[in-house]
Every structure is written in C-alpha cells, then in structure tokens.
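Fold and contact review
Residue-level listing of the chains:
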Amino acid sequence: MVCARSGGAGGELLESIYSVLVLALVLVACVELGDAATAVDVYRLIQYDIAGVPFGSRLAGLNHHAGSSLSITNADLSRTAVILPVRELNLTLLNEFITRKQPLGGLLLLLPQRTGSRESSEKIHGDSLTRSILFELEKLLIHSYIPYPVYFAFENGKLNSILADVRRSDATGQPASATSGGYKLVVSSWEPKKVSSPTITNIQGWLPGLKEDDDTNQLPTIAIVAFYDTFGAAPALSVGSDSNGSGVVALLEIARLFSRLYSNPKTRGKYNLLFGLTSGGPYNYNGTLKWLRSFDQRLRESIDYAICLNSIGSWNNELWVHVSKPPENAYIKQVFDGLSDIAQDMGVKIGIKHKKINISNPRVAWEHEQFSRVRVTALTLSELSTPPELLESTGGLHDSRNLVDETAVYRSVKLVAESLARHIYGQQGRNIQIFAESSSLAINPSYIALWLDLLSRTPRVAPFLEKTNSFISALKKELSDHTVDVYGTHESIDGIFTFYDSTTATLNIYQVASVTFDLLLLLVLGSYIILLFCFLVITTRGVDDLINMFRRPPSRKTKAA
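Here goes a summary of the coordinates provided.

Thresholds, definitions, all that
Residues numbered from 1 in each chain as written. Predicted model: local features only at pLDDT ≥ 70, side-chain atom pairs only at ≥ 80, totals over all residues. Heavy atoms only, no water. Helix = DSSP H or I, 4+ residues; strand = E, 2+ residues; numbered from the N terminus. Buried < 20%, exposed > 50% of the residue type's maximum accessible area, 1.4 Å probe, protein only. Contact = heavy atoms within 4.5 Å. Polar contact = N/O pair within 3.5 Å; in protein donor to acceptor, adjacent residues only side chain to side chain. Phe/Tyr/Trp six-rings, centres within 6.5 Å; stacked < 30°, edge-to-face > 60°. Lys NZ or Arg CZ within 6 Å of the ring centre and 35° of its normal. Pairing = 2+ DSSP bridges.

Right, let's get into the overall build of the protein chain. If you tally the helices and strands in the protein chain, you get 16 helices and 19 strands. Taken across its 561 residues, the protein chain has 49% of its residues classed as buried. Put simply, of all contacts in the protein chain between residues at least 6 apart along the chain, 82% involve residues at least 24 apart.

Right, dumping it as structure tokens:
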C-alpha cells in the first residue's frame, strides 16, 4: 500500500513537472512571436495609364525578404524587397536600376518623419537637399513603368532598427533568404483595379456688383480662379500645401474680404466677382476647360479678365505674371500696372512672362491658357518662373506644410486684393490701402494659417475624391459663407487618363529564422522529448522495459526453434 501511494505521488509529480515545462515553452514561443513582427502603414506608388501607356507601380502584393542595397554584386534581387531611406538615396543608381529593367521583388522608400512641431519640421523639410531629392525621385517614379510593388513609409525607431539589422546582414555578403534568415516584408493586398468613372468637381460662387436702376447693360465680371486638386507619386500623401493649397487659401481670403465690402450697398463695386475652385489642374487643367465650356456666350463676354492663382506660398521677393496675350494688350497692361504699383508699395518685385499658345497642341502650360482658348483675357500669378511639365510640381512628396510661408500667402492676398479694389473703385495710381492692417477689412493671418493646415492634411488627387467627399463639401460651405449662388458641377476626367486603386496598405515585417536555426531547434526539441520519454518510462516501468522497447524482436525461425 505504501509503495502504491508512493508510485501515485511520483506520477502526479512527474505530470506536474511536464505541464509546467510545456506551459513555459508555449509562453516563450508567444513572446518570441510577438517580438518578431511589426506592422507599418505604407503608401503605394501611383499606378496610372496615359492613352493606354502604363506608368507607375503595377503590383501591390509583397512577400519577400528584406535587403538594404540595389548594388549587391552578383546578387539575384528578384526575391528581395529593398529598403532605402530617401535621405541617403543614390538617384543615379536607382535611375540606372529602373532604366535597365533589372528584376526586383519590391521597393520600400523611407521618408523623413513628419512632425507637428514647426521647429523640428523645418529642420527636416527645410533641408533643400532632401526636398531636391524628393522632387527628382518623384519625377523619376511617376514617369517610369515599374513592374514590382513600390511603397513609401515614414521613418521611425522600429524601421530604423530593422534596417540596421538588415544592413549588418548584407555587409556579410549574404543577402537574406530562406536559408540565411533575416526579415520578411509582407503586404497582403488585392491586385489593383481601375477606378471606374473618376470625376472632377468644379465649384463656383458669385459676388454680384451694384447695378444702377436705369442701367440695362450687364455689369463687367472679374474672375479669380484656383485649382484645388493635386497629383503625386503617392496619392495618399499628395497634400500640395503650396501647389495649389496656397492658391486655394488666397482665393478664399480674397472672397472673404470682398464679401465684407459687397455686403454694404454703399461699398459694393460695379463689377461682378466670380470665384472658381476648379479640379483637374494636374491633368492639363481639364476641369477648367469644361467649366468654361459650361458658360453661355453672354457670361464669357462679360468677363473683363481672370486671375489664376498657382503656387504663391513659398516666394521671397519676386512673383511672376504669366500671360498669353502680348504685354501691350490694354487689359493685360492695366492689370499688370495695377499689380506693379501695389508691389512697389510693398517692396517686392513682380515680373511678366509672355508665352504664345500653340493651338495645334492640346497641352497647356498654365491655367489661364484655357481661358485664352475661349477668347477670355486671363493671366496666372505664380512664384514659378517657368511652367511645370505635365504631372509635375502639382503637390508631390516634397510639397508639405512646412514648405509654405504664411507670410508669402499673406503678401499674395494683399497684392491681388488691393490691385482688384483699386481697379473696381477707380483708385488706380493713388497711394491708398483699402485692406489696411489696422482696419476692419484687414487680412486675417489666422484664417490663412488654419486653411493651410487643413489643406496640408488632406490628400486631393481627383480620381480618389468622391462627389460627396467631406473636403469638397467644406469648400462649398466656406465659399457659401462669403458668396452667393454657390454650386458644384461634376465632370468626367479626360478619357486619356486611367487610374488604379489600392493606394494604402499595411506592411507586416516578420523576423525569419534561418534553416540552420530551425534544424537546431528541431534537434533540441526532439532530444528533449526523447529524454523526457525515457525518464518517464524508467521511473514508472523500469530500465528493462525501456531496453526491451528498443530490442529487435526475434525472427520467426528463432521462435520455431
């Protein structure tokens, strides 16, 4: 009886020890698995076609081992996802790699981290070298056909640590693989599909001028126009603070200022003011053209001139007036002289650039050229001295909030608003300030800053903006607060452009053990199980039973004998 109880107690003890060991192994495995993976928000390179010609990244799914360089000698990178910080990017090497169409599993580009602090942000984004690299990188990527997935992510401590590990591994000359271990980048995403029936929304509002009772003629109209949408390498990051967020903010502030003047019949001018927020700016100003075509002949003929605002948020001392008609044209000369007088009072420079329109070429360089094509006098006010190429300088990766100087937007508003007011009220050549800082009509810097902040948080790539998008509704609401007869028109984007979805994703990074480690772990676990089995058999049945388990059973002939 004593022996039986002792055996039972020993069995229970062994079972307890076995349970504790199993639990410990499970906990260790869970901890290791938890430390081995991380998830990061990533933004895919745009995918689009122009007249059937494919551009951008053509794949979205990613499941490859991580590497840190495109120049590993004699290495096959077709199963490697390379991580490259933009700060250290060799554009020449990347350009050569893409041009030669060398195989690659995927590309992850790390962008400088955006912060809310203006000082630290200026330190990062204010670096002209970084901005220049981002500009050239974007130009390369959006005009190339790239058959593998390309993603952007913002630098952080975890990604930097992983990159350092990958670099140490690559320094040995043996890239990560199934046999060597390392990190694996995984994006589980469906294959991109065409965006069906993408639309653009144009928004307009009026400030009607004062008409005499016996005046039967239609009042002349002045149009102030700015396109609000963007285009960039990463649609989910294309906020376009300067292009053309600065133009939109200036238009809204000008509308607010003149709404106060026009709210009183005594100070209402004898000009109608038409404010237009157009879409399709990056796509050859397609929305502007369709907006103008919706005008009747009478309205077009009533427009004395239009001022288009484009990228006016990062200039220091000089702005440019771009025109299609010769500077000697009466309307052009009148507007330019008015702007020059205000610029002289403000202590800044303003120049004029004349570029003829090539009617046979559908490509237009500036928004005002769409007005000129329908025989409406117009000009573009911009800090850019030369027109950007198609799909360039339209709100890309480098165009963030800290690129924009609020003072530059303030001065742009002052320049346009004062010149318009002097023209409307017949005060040309007089040294007066209608929107003086100390008056009730002063420009509001807080209003400018708040709208710049909102625009700098809002990606505005037209094919991904629905008609009911909250940002479009916010623009309509704001314009309704200052003007009347506000409405939006929805048009289709020019048919030569085709866009694809899947612009954001989650990147999972797993730390993968090498096959050698797996074999060693298997050997250790197997040895442990065998030893545990032998120990249990010896303590419960004895050594003889254990030996008998491994003895070769006697043959039939031996048994018969």
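Moving on from the coordinates now.
What follows is about the side chain of N272. Take N272: it is sitting in strand β12 (residues 272–278). Since its relative accessible area comes to 12%, N272 is described here as buried. From its side chain, N272 meets the backbone nitrogen of G209 in a polar contact 2.8 Å long. With residues up to four places along the chain from it excluded, the contact list for N272 reads W206, L207, P208, G209, L219, P220, T221 and I222.

Per the stated rule, a full pass over the model turns up 14 aromatic pairs. A centroid spacing of 5.5 Å and a plane angle of 65 degrees characterise the contact between Y283 and F499, whose relative ring orientation is edge-to-face. In this pair, Y283 is assigned in the loop between β12 and α7 (286–293) and F499 in strand β18 (residues 497–499), connecting sequence segments 216 residues apart. As far as burial versus exposure is concerned, Y283 and F499 are alike and both buried. Ring plane angle 75 degrees and centroid distance 4.9 Å describe the contact between W291 and F295, whose orientation is recorded as edge-to-face. Each member of the pair W291 and F295 is classed as buried. Grouping aromatic residues by their ring pairs yields a cluster made of Y48, F55, F231, Y283, F497 and F499. Cation over ring: R256 sits above Y447, and NZ or CZ is 5.6 Å from the ring centre. The residue whose ring lies beneath R411 is W315, and the NZ or CZ to ring-centre distance is 4.2 Å.

A few words on the pairing of strand β10 (residues 199–207). Taken across its nine residues, β10 has nine buried, putting it largely inside the fold. Here seven bridges tie β10 to strand β17 (residues 484–492), and the two strands are oriented antiparallel to one another. From the neighbouring strand, W206 faces β17, where its bridge partner is V484. Where β10 meets β12, five bridges bridge the pair, whose relative direction is antiparallel.

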